[in-house]
Each structure stands twice: as structure tokens, then as C-alpha cells.
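Report on the structure
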Amino acid sequence: MSQERDLVCLLKVQSGDTRALAELYDRHTPVLFALVRRILRSDADAEDALQEAWLQVWRRAVTYDPRRGNVGAWLVTVARTRALDRYRSLASRRQAESRAEPEGGPPPEDPGAGVARGQIGERVRSALGQLGESQRRVLQIAYFEGLSQSEVAARVGAPLGTVKSWTRQGLSRLRELLPEEEES
């Protein structure tokens, strides 16, 4: 099972095994890049954020706690955090330069998106469609627009605790709906 392989790889990364890091990189980068690209809306910025994420994985693999989720979920969290940091840094820079550019709608589709990414995207869209409206909305805003839970709460007009609860429930349900598949 890939979850078990991921855990073995991460334990090896904790011991300084670069081949184990390369294996994790090869297996998870397509999905992580798609997430980071969606937040940053730029291939170059996404590549930089993802490089920072993998550097953090290399340096801080010992911080992984298997009780809080599987390795894949931890990698998504690391990559998303790096993307949000970069997004906020870029926004601050633009604001400091007083050149705020209007947003032009949704990011353009990545022309190099592969079949696997499309299949994963379809599975995620299908799973999101099975969530309750509140859960789906807070997850989409947080993960695809890069807002913090406080910002999501303000956007949807709900208390922060409620948004956190909806997020936790939604992620828990997605774990049930999107089990990692065994590789043959």
C-alpha cells in the first residue's frame, strides 16, 4: 500500500536517505504542484514554493506525527503552507509597491496537466460533491483560494469555531471518500 511505502520513505528521510526523498518527490509532486499552482496562479511561483516545501520536508521530516494523518496529508499541509506564505509575501510586496493588480478571474488551466492529474482531480471533485454545502464551501475557499480559517469565517459569515468544525468534518469525510489506492 502506498501509505505504508510513504511512511517507510519518510522514516528513511529522517535518517538522511536522499533516495527515499526522491521516491516521495516523484510520487507526490504532481498533486502538490497542482495545489500550489492553484493558490499562486503562476508556474514559476508554484515551482519556488514547492521547492521550499520539499526543502522543509528534508530538513524537518522528524516533525511528522503519524497520529495526525498520513504522510500524503502532511505533505499537502507543508506545500499549502509554503504556497500561502509565498502568496502573502507577494501580496505584501505588491501592496508596498502600490501596484495592486485586479484579479482576472480563475487561474488558467495548466496545458501540461497529465491524465493522472485529471483522474485525481475528477476523484476530488466527485468527493467534494458528496460533502455538505458548508463543508464543501469552507474547504474550497481555504484550499483553492488560500485563505486562512479566520478569513474563511469572515467570508462565509460564520463563527471561527464553526468554520474549524466544518473543515475538520469535511477533511474527515474526504479521507473516507478518497482512500489511497494500492499500487500494483
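Presented here is an overview of the structure given in this document. (Residues numbered from 1 in each chain as written. Predicted model: local features only at pLDDT ≥ 70, side-chain atom pairs only at ≥ 80, totals over all residues. Heavy atoms only, no water.)

Details of the overall build of the protein chain
Counting its secondary structure elements, the protein chain contains eight helices and zero strands. N-terminal to C-terminal, the α/β element order of the protein chain is α-α-α-α-α-α-α-α. Sorting the 184 residues of the protein chain into buried and exposed places 33% on the buried side. Across the protein chain, every contact between residues at least 6 apart in sequence was considered, and the portion connecting residues at least 24 apart equals 62%. When the accessible surface of the protein chain is split by element, carbon and sulfur atoms take 50% of a total near 11400 Å². (Helix = DSSP H or I, 4+ residues; strand = E, 2+ residues; numbered from the N terminus. Buried < 20%, exposed > 50% of the residue type's maximum accessible area, 1.4 Å probe, protein only. Contact = heavy atoms within 4.5 Å. Areas by Shrake-Rupley, 256 points an atom, 1.4 Å probe, with all protein chains shown as cover.)

Examining the packing of aromatic side chains
Here the structure, examined in full by the defined rule, presents two aromatic pairs. Each ring, one from Y25 and one from W54, has its centre 5.4 Å from the other, and the planes form 55°; the classification is tilted. On the criterion of sequence distance, the pair formed by Y25 in helix α2 (residues 18–40) and W54 in helix α3 (residues 43–60) is long-range, its members being 29 residues apart. When the ring of Y64 is compared with that of W74, the centres are 5.6 Å apart and the planes differ by 65°; the resulting orientation is edge-to-face. Residue Y64 is found in the loop between α3 and α4 (71–96), and its partner W74 is found in helix α4; the two are separated by 10 residues along the sequence. (Phe/Tyr/Trp six-rings, centres within 6.5 Å; stacked < 30°, edge-to-face > 60°.)

Remarks on α3
Under the 1.5 Å per step criterion, the end-to-end length of α3 is 25 Å for 18 residues, consistent within 8% with the ideal 26 Å. Listed in full, the buried residues belonging to α3 are D45, A46, A49, L50, A53, W54 and V57. In this structure, the buried side of α3 is in contact with α1 (2–14), α2 and α4. Measuring from the backbone nitrogen of A44 back to the side-chain oxygen at the start of α3 gives 3.4 Å, which picks out S42 as the cap. (Expected span 1.5 Å × (residues − 1). Polar contact = N/O pair within 3.5 Å; in protein donor to acceptor, adjacent residues only side chain to side chain.)

Things to note about the nonpolar core
L10, V36, L50, W54 and V57 are the most contacted members of the largest nonpolar core, which has 27 residues in total. Looking at this core, the elements with two or more residues in it are α1, α2, α3 and α4. In this view, L50 contacts T29, L32, F33, V36 and A79; residues no more than four positions away in its chain are not counted. (Core = buried A, V, L, I, M, F, W, Y, C linked by side-chain atoms within 4.5 Å.)

Overview of the packing of α1 against α4
Look at α1 against α4: their axes get within 9 Å of each other, and the N-to-C directions meet at 60°. Our classification of the angle between α1 and α4 gives oblique. Of α4, the residues touching α1 (which contributes D6, L7 and L10) are V71, G72 and W74. Looking at the contact of α1 with α4 residue by residue, the classes come out as four nonpolar, one polar and one charged. (Axes fitted to C-alpha atoms, helices over the stretch in contact; angles between N-to-C directions. Parallel < 35°, antiparallel > 145°, perpendicular 65-115°, else oblique. Nonpolar A, V, L, I, M, F, W, Y, C, P; charged D, E, K, R; others polar.)

Thoughts on the environment of I141
Secondary-structure assignment places I141 in helix α6 (residues 133–145). For the pair I141 and R155, spaced 14 residues apart in sequence, the C-alpha separation works out to 8.9 Å.

A short note on the pattern of salt bridges
On inspection of all chains with the given rule, the structure shows 11 salt bridges. Between R67 and D65 there is a salt bridge, with the nearest N and O atoms lying 3.0 Å from each other. Among the ionic pairs, E151 bridges to R88, the shortest N-O distance being 3.9 Å. Residue E151 is located in helix α7 (residues 149–156), and its partner R88 is located in helix α4; the two are separated by 63 residues in the primary sequence. (Salt bridge = Lys/Arg side-chain N within 4 Å of Asp/Glu carboxyl O.)

Quick look at the side chain of R37
You can see R37 is positioned in helix α2. Among the polar contacts made by the side chain of R37, one reaches the side chain of D43 at a distance of 2.6 Å.

These values are about where atoms sit, not about what they do.
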